[in-house]
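Listed below, chain by chain, are the residues.
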Amino acid sequence: MPSAAPTHSLIIGSGIVGACCALELARAGHAVTLVDSGEPAGRQSASYGHGCWISPASVVPMSMPGLWKQIPGYLLNPHGPLVIRWRHFPRLLPWLLRFLRAGSSVARVEATARALDRLLHDSPERHAVLSREIGVPDLIRREGLLYAYPDRRAFEAESLSWHLRRMAGLRWCELDAGALAAREPDLDRRYTFGILAEDGAHCIDPAAYIAAIVAAARTHGAKIARATVREILRDGPRVRGVRTDTDVIACDRVVIAAGAWSKRLARSVGDRIPLESERGYHGVVAGDAGGPRHPVMPSDGKMANTPTAAGLRLSGQVELASLDAAPNWSRVDILLAHARGTYPALADAQQRPIDRWMGHRPSTPDGLPVIGRSSSSPDIFYAFGHGHVGFAAGPATGRMVAQHVAGLSEAPDIAVFSPRRFRLLA
Ligand SMILES: Cc1cc2nc3c(=O)[nH]c(=O)nc-3n(C[C@H](O)[C@H](O)[C@H](O)COP(=O)(O)OP(=O)(O)OC[C@H]3O[C@@H](n4cnc5c(N)ncnc54)[C@H](O)[C@@H]3O)c2cc1C
C-alpha cells in the first residue's frame, strides 16, 4: 500500500472534481500538478455550465422503477426532457440496460440514494466553508432550493423521490399558494404548492468559484499546466509520469478527474468503465427582471432556474448521443419556452442576450461516481462519473481522494464507488 509520505500527484482535469482534489492534496503537503486542455472550469467542462445547485436532495437517481416504460417515448419525442438520439441507440444499448437495471427496484434506488448521500448530505456546508477559505464567500448562497408544483397531487405523484430524500434526512417545509407567491412573486399562478429544501445552496458563478479553488491550490504550491494528457507512463504497475501533447511530466500518482473524457483514459490503463455523456444544456438570460428571486425547479419542466451573476441560468435536458455529436441548440429553445410559461414576466426572454451552452455530464449507468484505484496500478486513482451531482459532490470527493491517494489510515471506506463494481456485470 502507498504510504502517507508526500507524493507528486498529477491530476487530469480541472473541473470541480479535479480542482477540489488538487486543493486537498496540495494543502496536505503533496506536490501537485493540475493539467487540463482548457481553462479551469472553462466552457469545455461540465463544471462551467451546470445548474449551480448544491443540493442534499439530489440523492434521487435518474433511473427509477418504471422508467423503462418511457424509453419508447424518449426515442420518439425530440422535445421531452430526456432524448435518445436514434443513431447512437445501438452503441448506447448496453449502458441503457445497466441504467434500467439500476432503477429496477425500490431496494436498488434506496441503496443508490444512501451512497449518494455520503457525498451530498453536508455539501452546502462544505461549499460554504470552502468558499470562505478561498476568499469568495459571496459566490455560495444558502437560500434554500424550491420545488414548485401545480398542486399537492403533483408532489404526491413523486412519492418515491421524496421517500428517498426523507430517508437521507433532508429537511423541507411545504409552501401553500400564498407562501409560494410571497417567496417567488413572478412565478406563474398555476403553481400552487411548493417544497422548500431549506438546507440547499447554490453558486452564482461556478467558473469564478472553481478558478478561485485552483488559485488556492496554487498558493499551496500546485503547478497548473495547460495540456492534453495522451498517455500515462508506467514501469510495470508503478507510474512514472504522463505524456501530454506538448511534454512529458514526471509524477508518481495520477488522478483521473477528466469528467466524461475519463473513460478513454481509464481504458488506456486497462479498466473498462461504462461511462457515457448525458449531454445537458443551458441558456443564460441576461438581466434580472422577471425571473425567480431564488433557485426554483418547476416540476413540469425538470430544469433548474437559478439566478446567477450573469443572469437567469436555465439548465437541464438529458440527451444521450455521444461526446462528439454536434449540439442541438433547439434544446435551449425548449428551456426558454418553458421558462416563459413559468414566469410570465419573462415573455421577452428570447429578445434578450442569451448565452447558449452544451456540456457533458459524466454518467455511469448506476448513478454513482467512480472513486477508487485502478485495477492495474496502485498509483492511478479515479475520480469521475458524478453525473448530475458533481458540482455539489466535488468537495467531499476531493477530500476522499486526497485521503486515499495519500494512503491515510483514516481514509473513509469507498467500496461502494469502486471501479471494480462493473466487472460483476461484465
Ligand atoms: C446541464 C447540466 C446541469 C447540471 N446541474 C448540476 C447542478 O445543479 N448541481 C450539480 O451538483 N451538478 C450538476 N451537473 C453535473 C455537474 O456539472 C458535473 O457532474 C460536474 O461538473 C463534473 O465535474 P468534473 O470535474 O468531473 O468534470 P468536468 O467539469 O467536465 O471537467 C473535466 C475536465 O477534464 C478536462 N480533460 C478531459 N480530458 C483531458 C485530457 N486528456 N487531458 C487534460 N484535460 C482533460 C476537460 O477539459 C475538463 O475541463 C449538471 C450538469 C449539466 C450538464
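Scope of this entry: the structure provided in the associated data block. Numbers given for residues are sequential positions, taken from 1 along each chain in its written order. The predicted origin of the model limits local features to residues at a pLDDT of at least 70 and limits the giving and counting of side-chain atom pairs to 80 or more, whereas totals for whole chains, interfaces and linings rest on all residues. Computation of side-chain values covers all heavy atoms of the structure but excludes hydrogens and water.

## Some thoughts on the site of the ligand
Surveying the vicinity of the ligand reveals 35 residues, the closest of which are D36, S47, W53, G387 and A392. Taking S47, its side chain carries an N or O atom lying 2.5 Å from an oxygen atom of the ligand. In the model, a nitrogen atom of the ligand is placed 2.9 Å from a nitrogen or oxygen of the V229 main chain. In isolation the ligand has 1,000 Å² of accessible area, and contact with the protein removes 95% of it. Segments assigned H or I by DSSP are reported as helices when at least four residues long, segments assigned E as strands when at least two residues long, and all are numbered from the N terminus. Elements that contribute at least two residues to the shell around the ligand include exactly α1 (16–27), β2 (31–36), α2 (46–49), β15 (276–285), β19 (354–363) and α13 (390–405). Residues of the shell around the ligand, tallied by class, amount to 18 nonpolar, 15 polar and two charged. Near residues are defined by distance, with any heavy atom within 4 Å of the molecule or strand qualifying the residue. Polar contact criterion, stated in full: a pair of N or O atoms within 3.5 Å, where within protein one must be able to donate a hydrogen and the other to accept it, and residues adjacent in sequence count only if both atoms are side-chain atoms. Shrake-Rupley sampling with a 1.4 Å probe provides the accessible areas, and residues are treated as covered by the protein chains on show and by no other component. Each residue receives one of three labels: charged for Asp, Glu, Lys and Arg, nonpolar for Ala, Val, Leu, Ile, Met, Phe, Trp, Tyr, Cys and Pro, and polar for the others, Gly being one of them.

## A closer look at the environment of Y382
Position of Y382 among the secondary structure elements: in strand β21 (residues 380–384). On the accessibility criterion, Y382 (0% relative accessible area) is buried. Taking the C-alpha atoms as reference points, Y382 and V255, separated by 127 residues in sequence, lie 5.7 Å from one another. Beyond its immediate chain neighbours, meaning those up to four positions away, Y382 contacts I256, A266, V269, D271, V370, I371, G372, S374 and P419. Among the polar contacts listed, one links the side chain of Y382 to the side chain of D271, at a separation of 2.6 Å. Exposure classes here rest on a 1.4 Å probe applied to the protein chains alone. A residue is buried below 20% of its type maximum, exposed above 50%, and partly exposed in between. Should any heavy atoms of two residues lie within 4.5 Å, those residues are counted as being in contact.

## Side note on helix α6 (residues 123–133)
Two residues of an α-helix separated by three or four positions point the same way, owing to the 3.6 residues in each turn. Every buried residue of α6 is accounted for by S123, P124, H127, A128, L130 and S131. Here the buried residues of α6 occupy an arc of 165° about the axis, which is enough to place them on one side. Taken from the helix axis, the directions to the C-beta atoms give the arc we talk about.

## A short note on unusual backbone geometry
Look at A41: it is not a glycine, yet its phi comes out positive at around 50°. Relative to the assigned elements, A41 resides in the loop between β2 and α2. Assessed through its relative accessible area of 2%, A41 is described here as buried. If you check the backbone angles, C52 has positive phi at about 75° while not being a glycine. Note that C52 resides in the loop between α2 and β3 (53–54).

## Concerning the sheet that holds strand β10 (residues 223–226)
Pairing between strands is defined by DSSP: at least two bridges between them are needed. In spatial order, the strands read β10-β2-β1-β14-β21-β20; together these six strands make up an open sheet with mixed pairing. Each edge of the open sheet carries a strand with a single partner, namely β10 and β20 (370–373). Going from strand to strand, the sheet's axes swing by 15° on average, the running direction of each strand aside. Where strand β1 (residues 8–12) meets strand β14 (residues 253–256), four bridges bridge the pair, whose relative direction is parallel. Counterpart to I12 in the pairing with β14 is I256. Lines fitted to C-alpha atoms define the axes here, with helix axes fitted over just the stretch in contact, and angles between the N-to-C directions of these axes take values from 0 to 180 degrees.

## Describing the packing of helix α5 (residues 106–120) against α13
One can describe the packing of α5 onto α13 by two numbers: an axis separation of 7 Å at closest approach and a directional angle of 85°. Considering their axes alone, α5 and α13 lie roughly perpendicular with respect to each other. Judged by residue contacts, R118, L119 and L120 of α5 engage A392, A393, A396, T397 and M400 from α13. For classification purposes, angles smaller than 35 degrees are called roughly parallel, those larger than 145 roughly antiparallel, those between 65 and 115 roughly perpendicular, and all remaining angles oblique.

## Here we look at the packing of α5 against helix α8 (residues 159–167)
When two helices pack together, you describe them by how their axes are tilted relative to each other and by the distance separating the axes. Axis separation between α5 and α8 bottoms out at 10 Å; the angle between their running directions is 45°. When the axes of α5 and α8 are compared, the pair comes out oblique. Like other packed secondary-structure pairs, α5 and α8 cross with a definite hand, here right-handed. When α5 is examined against α8, the residues V106, V109, E110, A113 and R114 are found in contact with a partner set consisting of L160, H163, L164 and M167. By residue class, the composition of the contact of α5 with α8 is six nonpolar, one polar and two charged. For a crossing to be left-handed, the near helix must be turned anticlockwise from the far one by less than a right angle; the clockwise case is right-handed.

## Side note on the pattern of salt bridges
By definition, a salt bridge exists where a carboxyl oxygen of Asp or Glu is found within 4 Å of a side-chain nitrogen of Lys or Arg. The final tally for this structure, using the stated rule, is 27 salt bridges. Between R91 and E276 there is a salt bridge; the shortest N-O distance is 3.0 Å. Pair noted here: R91 is in helix α4 (residues 89–102) and E276 is in strand β15, with a separation of 185 residues, a long-range link. On the basis of relative accessibility, which here comes to 43%, the residue R91 falls in the partly exposed class. Among the salt bridges present, the one from R352 reaches D348, with a minimum N-O distance of 3.2 Å. Exposure remark for R352: the relative accessible area of 17% places this residue in the buried category.

## Details of the pairing of β21
Most of β21 is tucked away: five of the five residues are buried. Going residue by residue along β21, you find I380, Y382 and F384 tucked away on one face and F381 and A383 tucked away on the opposite face as well. In the sheet, β20 pairs with β21 via four bridges, with the strands oriented antiparallel. Among the inter-strand pairings, I371 is bridged to a residue of β21, identified as A383. Once β20 ends, the chain turns through six residues before running back antiparallel as β21.

## With respect to the environment of R189
With respect to the helices and strands, the residue R189 is situated in the loop between α9 (177–183) and β8 (193–197). Sequence-wise, R189 and G49 are 140 residues apart; in three dimensions their C-alpha atoms are separated by 29 Å. A distance of 3.4 Å separates a polar atom in the side chain of R189 from the backbone oxygen of P185. In terms of polar contacts, R189 uses its side chain to reach the backbone carbonyl oxygen of L187, at 3.1 Å.

## A few points about the packing of aromatic side chains
Planes of paired rings set the category: under 30 degrees apart is stacked, over 60 is edge-to-face and the rest tilted, where pairs are Phe, Tyr or Trp rings (Trp by its six-membered ring) whose centres lie within 6.5 Å. Within this structure, the stated rule accounts for 13 aromatic pairs. Each ring, one from Y48 and one from W357, has its centre 6.3 Å from the other, and the planes form 45°; the classification is tilted. Of the two residues, Y48 is situated in helix α2 and W357 in strand β19; the sequence distance between them amounts to 309 residues. For the pair Y48 and W357, a shared accessibility class is recorded, and that class is buried. When the centroid spacing of 5.2 Å and the interplanar angle of 85° are considered together, the rings of Y147 and W162 count as edge-to-face. Remark: W162 occurs in helix α8 and Y147 occurs in strand β6 (residues 145–149); sequence separation between them is 15 residues. Grouping residues by exposure puts Y147 and W162 together as buried. In textbook terms, an aromatic cluster arises when at least three aromatic residues are bridged by ring pairs, as seen for W53, Y147, Y149, F155, W162, W172 and F193.

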